[in-house]
Amino acid sequence: MVDAFHSHIRASLADANLQSALDANAERRIKVRQIAFGSLANPQELRRRARLIRMEVITHLESYLEQFVAHASENGIVVHRATDAAEAIKIVLEVALQQDAKLIAKSKTMISEEIGLNHALENHGLRVIETDLGEYIVQLRGEAPSHIITPAVHLRRQDVGKLFEEKLGLPYTEDIGIMTNAARSTLRQVFLDADIGISGVNFGVSETGTLCIVTNEGNGRMVTTLPRTHIALMGIERLLPSMDDLAPMLSLLPRSATGQKLSVYTSLINSPRGANDPDGPQERHLILVDNGRTGVRKSELQEILYCIRCGACLNACPVFREIGGHAYVGRDGEGSAYPGPIGSVVSPALFGQLEFGHLARASSLCGACREACPVDIDLPKLMLKVRAGIGVNQNRKNAKPNAPAILSIGLGFFTVAATSPRRFAFAQWLAGLFGSLATLLAKGDPWMHLPAFSGWGYSKDFPRPATKTFRNRYFTQFKSVLGEHEKLPIQSDPSVSSITKIDIVQNHAEHLLKRFNDELEAVGGKLSICLPGDVWQKILEILQAHNIHAIMAWNETYLPEMLLEKLAEAGVEIIFPTSETIQTSSQVRAGLTGASAAIAETGSILVLGGPGRPLTTSLLPEIHIALLRERDVYEQLCQVLHKEELRQAPAAVLISGPSRTADIEMTLTIGVHGPGELQVICVVDR
Ligand code: SF4
């Protein structure tokens, strides 16, 4: 039945390179995740809150969807609903036809993998280019991603070097920086030439109609900013009630996925380009894809819809670490878009027990996936349900266990024994008797002499049945001990209450600025502090250090008075980019923007778009210089997400350091699609 699955597993296990790549990836990801969670005051409480938020959304999904659609539509986003993959593809094709599109730039979106979007568009003559580095590599190889966060995790630098030599004409190299640069220059022109940008959506906020997209390389920002049309694909379950609920999710998602406190770019998109906006797409379409989710919501597998696609369960899973993402195939040998523990539940739930139910057997049920999950999804329980044959149209009564016949018969006997204390006690007594007899007969290890168990002990010993049942031992031994413990008075730990009383919030400006500086440095940014009159000289200093003579800038209304005049007098050419001039101004190496806020806990800045404030200024150049006022530094992310101007802007972005990737052998490379340098100048009045 599942020969394809088994043969893929065997091939993976025989691939030594894959084994070491998967181990290295998992070990590093688990380590950075632990460090990132260590910086949280109360990670379990945050996790509990995140789970409640997701539970609330899935329980009242229709109402949140209605609210979200109403607000997104009021904001000018064209909202479509697709019941299945075919309808979603049809909508994308209709938009492409209306736009007379030829080239589509795509950022990473799992839902497009789920619906097979690329092949469908290519079959209709459209050129579709993946722009996330890992996705670009697997697309050039004609493969599917092997991990939901690190698509090219199965490849070594030598594989990528050969691929780029063959497909991009790059002389063979094993230097990851050179390979990344080659991809950057090829893809930069794709962003500039694309007619349509397609992205996924990490979260949709119902109360505002905002689309939130997180990326590290900057390709997500490119595809949602540069092409004249943006299409966002989103599963109907990816909603959050409010901006209040977004903050914990933005804290948990990057920590779980890549070990960051916040992703480099968190885009918050409200609307398409307005009449006076200098950049941004003229049309934004949002396709809300059901594709089986409504059925899953009504089934016993509903909890799987809480998933925020962080990939942590893949890294934690000992089975995934052995077999990798490409081994998770359906009955017909077709790959599952979602591998690992999440895939073992979501694939059978969305695409059928018959086709994908066997994936749930690729688990040791050790519970590591649940422990890693930021929204505490009980993945082992869900996998057991899938194994029991429970799915969208199968409940406990009509489920057909997804297991080999011999296992089903054995489990049938076990069920009979385990559902009655008397039968269970009798079965235990019988097993004990059987074990003792066998030991007597074999005068050694009895199980190794029985044909059914021969070979069992090559890596572990078969546990011998206990001679006394647990219930028996419990009543004669443990109960009396427990009884003593129950009588002990419960003592409170005075240190706990004193810790909770410590006031950890100190809002004075110097403390915030220092913390912001530490966090900004940790993510690779630089902070300078200047008096208002010295800002132009600081900027000049940065430009001269890089031998730069021209700078893209925001309108002077949003910058300190006389700043641009002084730079111009010093010989710096000032360029105001717009969508219409972007092809010519994209070569400018430095960009100057304001920053409406900074977040001390993550070292991030908030950059708003809108009239006079082109977002491309913070995206296209090699160096991004952002001006910040000291009074705009906040302690926490949630304070910044509440800013009214954030809701008014057509789009905004939280930036945490320079653009980065670790898609080739997990080697950190700075400056992929966005700027490779972030300089924040804080203007102080004192
Ligand atoms: S199931 Fe949990 S750990 Fe796995 S991808 Fe989803 S949110 Fe992440």
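Residues numbered from 1 in each chain as written. Predicted model: local features only at pLDDT ≥ 70, side-chain atom pairs only at ≥ 80, totals over all residues. Heavy atoms only, no water.

Q: How should I be thinking about the overall build of the protein in this particular structure?
A: Secondary structure summary: the protein contains 29 helices and 22 strands in total. Here the protein holds 686 residues, and the buried ones make up 55% of them. Long-range contacts, defined here as pairs at least 24 residues apart, represent 77% of the contacts in the protein between residues at least 6 apart. Counting every atom, the protein has about 30,500 Å² of accessible surface; 55% of that belongs to carbon and sulfur. (Helix = DSSP H or I, 4+ residues; strand = E, 2+ residues; numbered from the N terminus. Buried < 20%, exposed > 50% of the residue type's maximum accessible area, 1.4 Å probe, protein only. Contact = heavy atoms within 4.5 Å. Areas by Shrake-Rupley, 256 points an atom, 1.4 Å probe, with all protein chains shown as cover.)

Q: What should I look at first to understand the sheet that holds strand β15 (residues 597–599) in this one?
A: Consider a sheet: its strands pair through backbone hydrogen bonds, and that pairing is either parallel or antiparallel. Here 8 strands make up an open sheet; going across it, the order is β8-β5-β6-β9-β19-β16-β15-β18 and the pairing mixed. At either margin of the open sheet sits one strand with a lone partner, and together these are β8 (239–240) and β18 (633–634). Both strand β16 (residues 604–608) and strand β19 (residues 651–655) contribute to a ladder of 4 bridges, which runs antiparallel. Across the sheet, L606 pairs through a bridge with L654, a residue of β19. (Pairing = 2+ DSSP bridges.)

Q: Sorry if this is basic, but what is going on with the pattern of salt bridges here?
A: Working definition: two side chains of opposite charge can pair if their charged atoms are close together. Counted under the stated rule, the structure contains 29 salt bridges. The shortest N-O distance in the salt bridge between D23 and R321 comes to 3.4 Å. Here D23, found in helix α2 (residues 16–38), pairs with R321, found in helix α15 (residues 318–323); they are 298 residues apart in sequence, far enough to count as distant. Take D23: its relative accessible area is 25%, and that puts it in the partly exposed class. Notably, a salt bridge pairs E635 with R515, separated by 2.6 Å at the nearest N-O pair. Of this pair, E635 sits in the loop between β18 and α28 (637–641) while R515 sits in helix α24 (residues 509–522), and the two are 120 residues apart along the sequence. For R515, a relative accessible area of 29% corresponds to the partly exposed category. Several salt bridges share partner residues, and in doing so they unite R47, R370, D376 and D378 into one network. (Salt bridge = Lys/Arg side-chain N within 4 Å of Asp/Glu carboxyl O.)

Q: I tried to follow the packing of aromatic side chains on my own but got confused; where do I start?
A: Aromatic ring pairs are defined here through the distance separating the ring centres and the angle between the ring planes. The tally for this structure, following the rule as stated, stands at 5 aromatic pairs. In this arrangement the basic side chain of R33 is found over the ring face of F37, its NZ or CZ atom lying 4.5 Å from the centre. Over the ring of Y558 we find R613, and its NZ or CZ is 4.6 Å from the ring centre. (Phe/Tyr/Trp six-rings, centres within 6.5 Å; stacked < 30°, edge-to-face > 60°. Lys NZ or Arg CZ within 6 Å of the ring centre and 35° of its normal.)

Q: Explain the environment of A182 here, please?
A: Here A182 lies in helix α10 (residues 176–193). Taking the relative accessible area as the measure of exposure, A182 reaches 15% and is therefore buried.

Q: What is the right way to look at the nonpolar core in this model?
A: The nonpolar side chains of soluble globular proteins are, as a tendency, buried together. Judged by nonpolar contacts, the single largest core of 142 residues is most densely connected at L246, F516, I539, L592 and I605. In terms of residue count, helix α12 (residues 243–258) provides more of this core than any other element does, 8 residues in total. With sequence-adjacent residues up to four places away left out, L246 is seen in contact with F203, V205, C212, L240, L268 and L641. Of all hydrophobic cores here, the second largest spans 33 residues; its members include A105, Y136, L170 and V190. (Core = buried A, V, L, I, M, F, W, Y, C linked by side-chain atoms within 4.5 Å.)

Q: Would you mind showing me how to read unusual backbone geometry here?
A: Generally, phi is negative for residues other than glycine and the peptide bonds are trans, each holding for most cases. With phi around 55°, D376 is a residue other than glycine that occupies positive phi space. When you line up the elements, D376 lands in the loop between α18 (368–372) and α19 (379–387). In this structure, E665 is a non-glycine residue whose phi angle is positive, near 50°. Counting through the fold element by element, E665 comes out in the loop between β20 (660–661) and β21 (669–670). Since its relative accessible area comes to 32%, E665 is described here as partly exposed.

Q: Quick question: what am I supposed to make of the pairing of β16 here?
A: The buried fraction of β16 is high, at 5 of 5 residues. By the alternation rule, side chains of β16 split into S604, L606 and L608 and I605 and V607, which are all buried. Relative to β16, β15 runs antiparallel, the two being bridged by 3 bridges. Paired with A598 across the strands is I605, a residue of β16. The hairpin turn running from β15 into β16, its antiparallel successor, is 4 residues long, and G603 in that turn takes a positive phi close to 70°.

Q: Explanation requested: the sheet that holds strand β12 (residues 550–553) in the structure shown.
A: Pairing is parallel in the open sheet, where 6 strands are placed in the order β11-β22-β17-β14-β12-β13. For this open sheet the edge positions go to β11 (526–530) and β13 (573–575), each flanked by a neighbour on one side alone. When the angles between neighbouring strand axes are averaged without regard to direction, this sheet yields 25°. Summarising the sheet, strand β14 (residues 590–595) and strand β17 (residues 623–629) pair through 6 bridges and their orientation is parallel. When the sheet's bridge partners are listed, G591 is paired in β17 with H624. Most of the contacts of α24 go to β11, to which it runs at about 150°, and overall it touches β11, β17 and β22 (677–683). Contacts from helix α25 (residues 535–545) reach β11, β12, β14, β17 and β22 within the one sheet, and its direction differs from that of β17 by about 165°. (Axes fitted to C-alpha atoms, helices over the stretch in contact; angles between N-to-C directions.)

Q: So what exactly am I meant to see when it comes to α10 here?
A: Each turn of an α-helix holds 3.6 residues, which means side chains three or four residues apart point in the same direction. Its 18 residues place the ends of α10 26 Å apart at the C-alpha level, agreeing with the 26 Å of an ideal helix rising 1.5 Å per residue. Listed as buried for α10 are I176, M179, T180, A182, A183, R184, L187, R188, V190, F191 and L192. Among the residues of α10, the N-terminal cap falls to D175, whose side-chain oxygen and the backbone nitrogen of G177 are separated by 2.8 Å. (Expected span 1.5 Å × (residues − 1). Polar contact = N/O pair within 3.5 Å; in protein donor to acceptor, adjacent residues only side chain to side chain.)

Q: How should the confidence of the model for the protein be read in this particular structure?
A: When pLDDT is low, close inspection of the predicted coordinates is not appropriate. Per-residue confidence for the protein gives a mean pLDDT of 90, with 89% of residues at or over 70. Within the model, the stretch residues 454–460 combines pLDDT values under 50 with 6 contacts to residues more than four positions away or in other chains. Scored below 50 in pLDDT, residues 484–506 makes 3 contacts in the model with residues more than four places away or belonging to other chains. (pLDDT = per-residue confidence, 0-100.)

Q: Whenever I open this one, the environment of E130 confuses me. Can you help?
A: For E130, the position within the fold is in strand β3 (residues 127–130). Owing to a relative accessible area of 1%, E130 belongs among the buried residues under this scheme. In this structure, E130 is in contact with K106, S107, E113, N118, E135, Y136, Q139 and L187, ignoring residues within four places of it in sequence. A distance of 2.9 Å separates polar atoms of two side chains, one belonging to E130 and the other to N118.

Q: So what exactly am I meant to see when it comes to the side chain of S199 here?
A: Along the chain, the position of S199 falls in strand β4 (residues 196–200). A distance of 2.8 Å separates a polar atom in the side chain of S199 from a polar atom in the side chain of H230. Not counting the four nearest positions on each side in its chain, S199 is found in contact with S107, T109, I213, V223, T224, H230, I231, A232 and L233.

Q: I tried to follow the state of the cysteines on my own but got confused; where do I start?
A: Linking two cysteines covalently through their sulfur atoms gives a disulfide. The tally for this structure, following the rule as stated, stands at 0 disulfides. Sulfur of C366: no disulfide; nearest cysteine sulfur belongs to C369 and is 6.3 Å away. (Disulfide = S-S within 2.5 Å.)

Q: What is the right way to read helix α16 (residues 340–351) from this model?
A: In a regular helix each residue adds 1.5 Å, so 12 residues correspond to 16 Å; α16 covers 16 Å between its end C-alpha atoms and thus fits that length. Counting buried residues in α16 gives 11 out of 12 residues, a clear majority hidden from the surface. Along α16, the residues that are buried comprise G340, P341, I342, G343, S344, V345, V346, S347, P348, A349 and L350. Among the residues trailing α16, G352 stands out with phi positive, at a value near 110°.

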